[in-house]
Amino acid sequence: MAVSAGVMIARPAAPATLSADAWQRFRRNRLALAGLVVVALLVVAAVGAPWLAPADPAKQSLIEKRARPGNKFLLGADEFGRDILSRVLFGSRVALLVGLLSVAIALGLGLVLGCLAGFAGGWIDVLIMRGVEVLLAFPYLLLAIAVVSALGPGVLNTTIAVGIWGTPTVTRVVRGAVLAARESEYVSAARALGASAGEVLRRHVLRNILPTVVVYSTLFMANAILVEAALSFLGLGVQPPTPSWGLMVSSGRDFLLVAPHIATIPGLAIMLAVLGFNLLGDGLRDALDPRLRGQV
Amino acid sequence: MLTFIARRLLLAIPVLLGVVFVVMLTIELIPGDAVSLMLGEHATPEAVAKLRDYLGLDKPLLVRYVGYVGRVARGDLGRSIQQNRPVVDELADAWPATLELTAAALVIAAAFGIAAGVISAVWPNSAFDALARLGSLFGLSMPVFWTGLVLIVVFALWLPWMPVGGMGSPAHLVLPAVTLALPSLAMVARMTRSSVLDVLREDYVRTARAKGVAERLVVAKHALRNAAIPILTLLGLQAGQLMGGAVLTETVFAWPGLGRLMVKAIFARDYVLLQGAVLIFALAFVVINLAVDLAYGALDPRIARQG
């Protein structure tokens, strides 16, 4: 009798209606839908770049260098006569790849550290959270710059730097969510009914912080794309000839007067991608957990 | 209040020690021999020996850390490799430019952001509100370095109203400061809107309105003053955003500040100078957040009492 009641309490049997509910809210939000469309287009561009691109992104044509946008080059040609549209399409691969992998790094480290701090408490919590405070004491971008300047440039090191930059915030968010869940009545109930710590963690805590993590990861994607672009713009991130949007803006800097399209068009791509993830993240937050408004 | 201040100051010490540790570790991450990488192939043996001695790479980590903390506390950040000058002097030459830029940007972001946020909150869902919210979404999504280049193309090349770069007259400050301010302005506007909206729903605001207080005073005295704490917190955090953004803005506008010095140091593999610049940025950020923390105590006596 007690056991069957326990099963009922421990397994809230409504995940399907919860997500259906969230989708209802999401669907009514026009900005969120716009974000979803932009992100979907970005994924299509990244996956389909070889088929969508009208030209080889590396093919140079010195007679046509700095060609204005027109018939042959829809978005113009860069300082080596390479087709900018094709390079922007291939650039979406770098942006998404660095973004996704750095989110994975930040989430992986942040989830482990945050759960550890929130669950273990005591000196482990103090140690982890002091470390987080120290990393957060580095102003935006500077931690990533310091890491990448030591490791050296390149796609992999940029990804690591952006991932490390994101870790302290994820750790903090996860720890907060774990603490809140730990204090909640449903977790006390599960514990009282004899659930093991691992079970509580998996079934109650992780499942409850899932919306927060999803929302945070989406918004982090936007920032990761910005930081990768910034590092590459400074010459510290992705190196030529790999087409990265930040790098393309940087190489167009010398031709602002004669050919402003070289620097400005890749920047538009960055803005659109970041805007898409920001809108999607805001929409997911409002749909999944309106209480998070103002927190993330 | 005094114990509150003392407590906050003491809490900042471990953070500062941690920051110094992380900055020291960056040299550790360099693959290969950091000294020969920094000095190049043609360095004299004396120079190599001197740098090795300064960095103390043959000593255990903890010994080196204690030594480094001691030197930093005495204001000795080593000598830059390119200019062969004390790093402290190079930083002292560059920081006023960065302070001027970030302070101007912070003022722009706070003034226009708070104004836009309050107007949005007082007339929610109006045309202004819709425009401000859309604008702040774009402001948050534009990469700073790109905004700077677009402003240069429009306001310095097509319409020759502003200088392209460099520092000197007040006109030189306009484009870089606006560029740097935009993302923070957007954040401040968003945050002000939501906090003022929250406060306007409070019971005491209804009471004030019911007893006939003018709407202007309700907003100025009740709403804005109570929304001050989240806005202030955000401004403190935005100071960090501005320092990071300054690295990009200074690069775009050839602004002779710490950010540009730092980027130059990276390309010259001058890690001693780089460490000094990163350290200064982080110290400034810690001090600003400490000041914000102390300001809470002044704004809200409850916080000071809780310690």
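Rules behind the numbers
Residues numbered from 1 in each chain as written. Chains lettered and ligands numbered in written order. Predicted model: local features only at pLDDT ≥ 70, side-chain atom pairs only at ≥ 80, totals over all residues. Helix = DSSP H or I, 4+ residues; strand = E, 2+ residues; numbered from the N terminus. Buried ≥ 20, exposed ≤ 12 C-beta atoms within 10 Å, placed from the backbone. Contact = placed C-beta atoms within 7 Å. Axes fitted to C-alpha atoms, helices over the stretch in contact; angles between N-to-C directions. Parallel < 35°, antiparallel > 145°, perpendicular 65-115°, else oblique. Left-handed = near helix turned anticlockwise from the far one by under 90°. Nonpolar A, V, L, I, M, F, W, Y, C, P; charged D, E, K, R; others polar. Expected span 1.5 Å × (residues − 1). Core = buried A, V, L, I, M, F, W, Y, C linked by C-beta atoms within 7 Å. pLDDT = per-residue confidence, 0-100.

1. Description of the overall build of chain B
Then, number 1: Looking only at helices and strands, chain B features 14 helices and zero strands.
Then, number 2: Listed N to C, the secondary structure of chain B is α-α-α-α-α-α-α-α-α-α-α-α-α-α in terms of helices and strands.
Then, number 3: In terms of principal-axis extent, the alpha carbons of chain B reach across some 80 × 55 × 30 Å.
Then, number 4: Residues counted as buried form 39% of the 307 residues belonging to chain B.
Then, number 5: Partitioning the contacts of chain B with sequence separation of at least 6, the portion at a separation of at least 24 is 73%.

2. Structural notes on the overall build of chain A
Then, number 1: Scanning chain A for helices and strands turns up 11 helices and zero strands.
Then, number 2: The proportion of buried residues among the 296 residues of chain A is 46%.

3. Here's the deal with the packing of helix H5 (residues 87-122) of chain B against helix H13 (residues 271-299) of chain B
All names here are of chain B.
Then, number 1: Across the interface, H5 lies against H13 with an axial gap of 10 Å and an inter-helix angle of 50 degrees. The angle between H5 and H13 places the two elements in the oblique class. Along this stretch, H5 crosses H13, giving a crossing that reads as right-handed. Contacts between H5 and H13 pair Val87, Glu90, Leu91 and Trp95 from the former with Val272, Leu273, Gly276, Ala277 and Ile280 from the latter.
Then, number 2: Its residues assigned to classes, the contact of H5 with H13 shows seven nonpolar, one polar and one charged.

4. Description of helix H5 (residues 122-136) of chain A
Then, number 1: Between the first and last C-alpha of H5(A) there are 21 Å, a value that for 15 residues agrees with the 21 Å anticipated at 1.5 Å per step.
Then, number 2: Residues A:Ile128, A:Val132, A:Val134 and A:Leu136 constitute the buried set of H5(A).

5. Brief notes about the interface of chain B and chain A
Then, number 1: With 37 residues of chain B in contact, the opposing surface of chain A contributes 35 residues.
Then, number 2: The set of elements that each furnish at least two residues to the side of chain B that touches chain A consists of helix H1 (2-29), helix H6 (127-141), helix H7 (144-158), helix H11 (228-253), helix H12 (258-267) and H13 of chain B.
Then, number 3: Taken together, the residues of the side of chain B that touches chain A break down into 29 nonpolar, eight polar and no charged.

6. A closer look at the nonpolar core
Then, number 1: By size, the foremost hydrophobic cluster in this structure holds 166 residues, and its most contacted members are A:Ala144, A:Ile225, A:Ala230, B:Val188 and B:Ala277.
Then, number 2: Considering each element in turn, this core owes the most residues, 17 residues, to helix H9 (residues 197-234) of chain A.
Then, number 3: Residues in contact with A:Ala144, not counting those within four places in the same chain, are A:Ala161, A:Val162, A:Trp165, A:Val227 and A:Leu231.

7. Details of the environment of A:Gly237
Residues and elements named next belong to chain A.
Then, number 1: Here Gly237 shows up in the loop between H9 and helix H10 (245-251).
Then, number 2: Distance from Gly237 to Leu156, taken between C-alpha atoms, is 9.1 Å for residues 81 residues apart in sequence.
Then, number 3: Here Gly237 is in contact with Val148, Pro153, Thr158, Glu228, Leu231, Ser232, Ser244 and Gly246, once residues within four sequence places are set aside.

8. A closer look at helix H4 (residues 61-73) of chain B
Working note: α-helix, 3.6 residues per turn, so residues spaced by three or four point in the same direction.
Then, number 1: The end-to-end C-alpha distance of H4(B), which contains 13 residues, comes to 18 Å, matching closely the 18 Å that a straight helix rising 1.5 Å per residue would cover.
Then, number 2: Following H4(B) by one or two positions, B:Gly75 adopts a phi angle in the positive range, close to 85 degrees.

9. Details of the packing of H6(B) against helix H8 (residues 170-200) of chain B
All names here are of chain B.
Then, number 1: At a minimum axis separation of 8 Å, H6 and H8 run at an interaxial angle of 140 degrees. Here H6 lies oblique to H8, going by the angle between them. Between H6 and H8 lies a crossing of left-handed hand. Together, Ala132, Ser136, Gly139 and Leu140 of H6 and Leu182, Pro183, Leu185, Ala186, Met187, Ala189 and Arg190 of H8 make up the contact between the two elements.
Then, number 2: Its residues placed into classes, the contact of H6 with H8 shows eight nonpolar, two polar and one charged.

10. Thoughts on the confidence of the model for chain B
Residue and element names in this part refer to chain B.
Then, number 1: Confidence in the prediction for chain B averages 85 pLDDT; 98% of positions are at 70 or higher.
Then, number 2: Looking over chain B, one finds the lowest element-wise mean pLDDT in helix H14 (residues 301-306), namely 70, and the highest in H5, namely 92.
Then, number 3: In the model output, the complex is listed with pTM 0.86 alongside ipTM 0.87.

11. Focus: unusual backbone geometry
Then, number 1: Here the amide bond leading from A:Pro240 into A:Pro241 is cis, since omega sits at 10 degrees, within 30 degrees of zero.
Then, number 2: Topologically, A:Pro241 is positioned in the loop between H9 and H10.
Then, number 3: Here A:Leu141, not a glycine, exhibits a phi torsion of approximately 80 degrees, which is positive.
Then, number 4: Its location among the elements puts A:Leu141 in the loop between H5 and helix H6 (142-151).
Then, number 5: Positive phi outside glycine occurs at B:Arg269, with the angle close to 55 degrees.

12. What about the environment of A:Thr264?
Then, number 1: By the element assignment, A:Thr264 lies in helix H11 (residues 261-288).
Then, number 2: Residue contacts for A:Thr264: discarding those within four places in its chain leaves B:Leu149, B:Val150 and B:Val153.

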